[in-house]
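# Structural description and commentary
These are the residues of each chain, in order.
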Protein chains: 2
Amino acid sequence: MGLLLHSIKIQPVRWMVRRAYSGKSDVTANAMVFADYGQPSQVLKWHSYRLPALTADTVHVKFLASPINPADVNMIQGVYPIKPKFQKLGDESDELLAVGGNEGVAEVVAVGDDVSSLKVGDQVVMAKSGYGTWRTHAAGPASDFQLLPKANNVSLIQKATISVNPCTAYRMLKDFVDLKQGDYVIQNGGNSAVGQAVIQIAKAWGLNTINVVRNRPQIDQLTQELKDLGATHVVTDDKLGSHDMRKQIKSWVGSQSPLLGLNCVGGKSATEMARYIGANGHYVTYGAMSKSPLSLPASLLIFKNIHFHGFWVSKWSDVHSKEERYAMFEDIIQLMSQGKLKEPKWNQVEWDEETMKRSVEQGISGFATGKQVVLF
Amino acid sequence: MGLLLHSIKIQPVRWMVRRAYSGKSDVTANAMVFADYGQPSQVLKWHSYRLPALTADTVHVKFLASPINPADVNMIQGVYPIKPKFQKLGDESDELLAVGGNEGVAEVVAVGDDVSSLKVGDQVVMAKSGYGTWRTHAAGPASDFQLLPKANNVSLIQKATISVNPCTAYRMLKDFVDLKQGDYVIQNGGNSAVGQAVIQIAKAWGLNTINVVRNRPQIDQLTQELKDLGATHVVTDDKLGSHDMRKQIKSWVGSQSPLLGLNCVGGKSATEMARYIGANGHYVTYGAMSKSPLSLPASLLIFKNIHFHGFWVSKWSDVHSKEERYAMFEDIIQLMSQGKLKEPKWNQVEWDEETMKRSVEQGISGFATGKQVVLF
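Rules used in this analysis
- Residues numbered from 1 in each chain as written.
- Chains lettered and ligands numbered in written order.
- Predicted model: local features only at pLDDT ≥ 70, side-chain atom pairs only at ≥ 80, totals over all residues.
- Heavy atoms only, no water.
- Helix = DSSP H or I, 4+ residues; strand = E, 2+ residues; numbered from the N terminus.
- Rg over C-alpha atoms; globule rule 2.2 N^0.38 Å.
- Buried < 20%, exposed > 50% of the residue type's maximum accessible area, 1.4 Å probe, protein only.
- Contact = heavy atoms within 4.5 Å.
- Areas by Shrake-Rupley, 256 points an atom, 1.4 Å probe, with all protein chains shown as cover.
- Lys, Arg positive; Asp, Glu negative; His and termini not counted.
- Charge placed at Lys NZ, Arg CZ, Asp CG, Glu CD.
- Least-squares fit on C-alpha atoms with pLDDT ≥ 70 in both.
- Buried area = accessible area lost by both parts, 1.4 Å probe.
- Salt bridge = Lys/Arg side-chain N within 4 Å of Asp/Glu carboxyl O.
- Polar contact = N/O pair within 3.5 Å; in protein donor to acceptor, adjacent residues only side chain to side chain.
- Disulfide = S-S within 2.5 Å.
- Domains from an automatic or database assignment.
- Nonpolar A, V, L, I, M, F, W, Y, C, P; charged D, E, K, R; others polar.
- Phe/Tyr/Trp six-rings, centres within 6.5 Å; stacked < 30°, edge-to-face > 60°.
- Lys NZ or Arg CZ within 6 Å of the ring centre and 35° of its normal.
- Pairing = 2+ DSSP bridges.

Per the secondary structure count, chain A includes 12 helices and 18 strands. Taking 2.2 N^0.38 as the reference for a compact globule, 376 residues should give roughly 21 Å; the C-alpha atoms of chain A span a radius of gyration of 22 Å, in line with that estimate. Looking at the 376 residues of chain A, the share that counts as buried comes to 55%. For chain A, restricting intrachain contacts to residue pairs at least 6 apart in sequence, the fraction spanning at least 24 positions comes to 73%. Counting every atom, chain A has about 16200 Å² of accessible surface; 50% of that belongs to carbon and sulfur. For chain A, the distance from the average site of its 40 positive side-chain charges to the average site of its 35 negative ones is 5 Å.

The next point concerns the relation of the copies chain B and chain A. For the pair chain B and chain A, the relating rotation is 180°, the translation along its axis is 0.0 Å, and the fit reaches an RMSD of 0.0 Å. Expressed as a symmetry operation, the mapping of one chain copy onto the other fits a two-fold axis. Residue Ser295(B), judged by its C-alpha, is the member of chain B lying nearest the rotation axis, at 2.1 Å. Same-surface contact between copies: 100% of interface residues of chain B are shared with the interface of chain A.

Right, let's get into the interface of chain B and chain A. The extent of an interface is frequently quoted as the accessible surface area lost upon association of the parts. Counting residues at the interface gives 23 residues for chain B and 23 residues for chain A. Buried area between chain B and chain A, both sides added, is near 1900 Å², and the carbon and sulfur share of it is 68%. Three residues, Leu301(B), Ile302(B) and Phe303(B), lead the burial of chain B against chain A; their summed loss comes to 29% of the area buried on that side. Summed over the shared surface of chain B and chain A, the result is 0 salt bridges. For the pair chain B and chain A, the number of links is 5 residue pairs in polar contact (both at pLDDT 80 or more). For the side of chain B that touches chain A, the elements supplying multiple residues, two or more each, are β15 (294-296), α9 (298-302) and β16 (307-310) of chain B. A per-element tally of the side of chain B that touches chain A places β16(B) first, with 4 residues.

Residue and element names in this part refer to chain A. Residue position: Arg135 is located in the loop between β7 (123-126) and β8 (137-141). One buried charged residue, Arg135, remains without a salt bridge, the closest side chain of opposite sign being Asp144 at 7.1 Å. Side-chain polar atoms of Arg135 contact the backbone oxygen of Tyr131, separated by 2.9 Å. Not counting chain neighbours up to four residues away, the residues in contact with Arg135 comprise Asn30, Ala31, Tyr49, Phe63, Leu89, Val99, Trp351 and Phe376.

Residues and elements named next belong to chain A. Under the defined criterion, the tally for this structure stands at 0 disulfides over all chains. We note that Cys167 lacks a disulfide partner, and the nearest cysteine sulfur, in Cys264, lies 17 Å from it. On the accessibility criterion, Cys264 (3% relative accessible area) is buried.

All names here are of chain A. Its domain assignment divides chain A into domain 1 (24-162 + 328-375) and domain 2 (177-310). Put simply, the middle of domain 1 and the middle of domain 2, counted by C-alpha atoms, are 32 Å apart. Facing 6 residues of domain 1, the contacting portion of domain 2 comprises 10 residues. Both sides of the domain 1 and domain 2 interface together cover about 710 Å² of buried area, and 70% of this is carbon and sulfur. Joining domain 1 to domain 2, the criterion identifies 1 salt bridge. The salt bridge involving Lys345 is made with Glu225; its shortest N-O contact spans 3.6 Å. At the boundary of domain 1 with domain 2, the tally comes to 1 residue pair in polar contact (both at pLDDT 80 or more). Along the lines of polarity and charge, the residues of the side of domain 1 that touches domain 2 split into 3 nonpolar, no polar and 3 charged.

Time to look at the packing of aromatic side chains. Residues and elements named next belong to chain A. One pass over the structure, following the stated rule, counts 26 aromatic pairs over all chains. Among the aromatic residues, ring-to-ring pairing joins Trp46, Phe63, Trp351 and Phe376 into one connected group. The residue whose ring lies beneath Lys83 is Tyr37, and the NZ or CZ to ring-centre distance is 5.9 Å.

This paragraph deals with unusual backbone geometry. Glycine aside, the phi torsion of most residues is negative, and most peptide linkages are trans. All names here are of chain B. Positive phi, normally seen in glycine, also occurs at Asn153, with a value near 60°. Positive phi, normally seen in glycine, also occurs at Asn280, with a value near 70°. Mapped onto the elements of the fold, Asn280 is located in the loop between α8 (267-274) and β14 (282-285).

Counted under the stated rule, the structure contains 18 salt bridges over all chains. Two residues, Arg275(B) and Glu272(B), come together in a salt bridge whose shortest N-O distance is 3.7 Å. The class of Glu272(B) is buried, set by a relative accessible area of 15%. Each of Lys88(A), Asp91(A) and Asp94(A) takes part in a single network of salt bridges with overlapping partners.

Turning next to the environment of Ile199(B). All names here are of chain B. If you trace the backbone, Ile199 turns up in helix α5 (residues 193-204). A sequence separation of 11 residues divides Ile199 from Ile210, and the C-alpha atoms of the two residues are 8.9 Å apart. Look past the residues within four positions of Ile199 in its chain and what remains in contact with it is Gln187, Gly190, Thr209, Asn211, Leu226, Leu229, Gly230 and Ala231.

A word on the side chain of His60(B). All names here are of chain B. Mapping His60 onto the fold places it in strand β3 (residues 58-68). His60 gets classed as buried once you look at its relative accessible area, which sits at 1%. A polar contact of 2.8 Å, which involves the side chain of His60, links it to the backbone oxygen of Pro52.

Residue and element names in this part refer to chain B. Read across the sheet, 4 strands follow the order β2-β1-β5-β4 without closing on themselves; strand pairing throughout is antiparallel. In this open sheet, the two edge strands, each paired with only one partner strand, are β2 (45-52) and β4 (87-88). Here strand β1 (residues 24-34) runs beside β2; their pairing, made up of 7 bridges, is antiparallel. Paired with Val33 across the two strands is Lys45, which belongs to β2.

With that out of the way, let us pick up the pairing of strand β1 (residues 24-34) of chain A. When a strand is regular, its side chains alternate between the sheet's two faces. Residues and elements named next belong to chain A. In terms of burial, β1 is a largely internal element, 8 of the 11 residues being buried. Strand direction decides the pairing type here: β1 and strand β5 (residues 96-99), joined by 2 bridges, are antiparallel. Bridge pairing in β5 places Phe34 opposite Ala98.

Below you can see the structure in the form of structure tokens.
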């Protein structure tokens, strides 16, 4: 837990690239797969298969680390808007299988002769969501993968979890409002993985954050932790609607009300938070932890002219070029390398069938207990 | 009611401009004013006063026609975000008074020597909301007024009611989505004054409209009336959530789901309507007739990437130049002149204290019974 992964030496893989491109490679891939949608503990299973041989226009990658995210569970349940690809994996079975997992970091271990965009030793993330990252190896066109910039002092855990949370935080801070140094951002779920990334990126960019968290017994400790990360202010959701809180926040922001709000909670406190957004501001929803809709008084829309958007990083990657995504990774990895965006809390998940099934089920309860990560 | 006002000859006003610019003119202005916020029937009163004399940089206008809008009532009640200006009107009393009314058309009857932007005979609307249009005359800088383009076949009623409803419809159709011929727009309150303007402007621009109205006994008659105005389809709010309606609308729009939704209702049916907006579409709220907030499932924001905005024409006028507003009036007046944007249903309100008080109170129940208009 919290182990510094960048200090672990990954053994170089000795790979016999057979340039004849015969039908099968000599690599056995293991994967956590499912043939039907359902509860992870019931539908997930271990699948071993021979990796297809390298061809001129494909690459082979070896996975290094892959997290378990809440969206992975939704995808297995069949309730996620992105559907995985069910396909034959190896010649051992004709069953159509989807590989679980959406996020992870892999190393390129073999490259076909016609591939110029990747080389052996490159580290990559997936080009799109739904690719399937709970597996030891994968073979496919270079376009399935996105090159990560090289950097020192960035752990495998940071790379394995870069695609979703830090990118979500980065884009939301950058794409909706042209924020200037000293501007305020208000967010709820301040303690979530995205919330913590928002705090740190905002701090690095000279922005102030007001972070709403659920009240709890150890609120002082949590407040201190978030301030240590760079939070300007931490407030609790139960007080958002109070006169005292309005005065308090007013005293912090003066006439410069936050023009950007970030919401992953929904429900009543999300509406209360919206009331702190200044006229013509933007309010971005990227989650609904309360499972309640966002209720908007018409006055916030009509008279305060607040714009309400959603953000989904998978869609962002779908509609933007690899070059744009690479530029974002450069910025984020630089922040990581400078120690400004820290490794998230995490727990190692053993790579075996029973542990994976149990851990994925636990993933349903979300990110509060630290990110679960498989190290292959 | 429905009388063609442009056939009425307005008597030219014989005005003695006293170029000496002495302190008082010889014109007695009458106005419906209020000194305190409250119920219109209790706080509105008749006020007669001598108009200030013309000065080099002011103009005098004579009001021709002014409607009673729901927002006027809210302003008198003190619950509207724009507050009227309380000021001394004439030398007869030191009481600070606000003139009621926000919309209307006036004719310029005298122009100071240094004023170049207006001339006698010009017809104008107010530059800003909150000016006070329930009065026979006004004196002030030319910047208080906005020149209307000249046009044939446009009635006084159309000019008196141009600033709010047609402009709201025009801007919402133009500013949020780059719509192309044949595109669909979906709106509720299809029978409201703005709704009817949306139907007609959309039709003139080659756009299709799906118009949601409340179900009612004479629904077939209303449907026919809206189709006569140019509505492509009319549906009732109680069926919006049904499977049949989803199939029906799908059969109309095919893969071209509406990318623009216009909402003046709020509540459950407004949420149902939002589900018909296509991915990346925009949904604009400009009213809340149901007095219920707009409830947004997170999936509409996150996965469908629908953007939710508000629109308020008063704010639009505040932040845009007179030139931009004039260009809009040119377009709208041309549509009116061509018979493509018809005079709204209206009732004449007599210009006397008791009738005004009664009519303004009736204005609380809104626009369903036809626009109430004072002819001075």
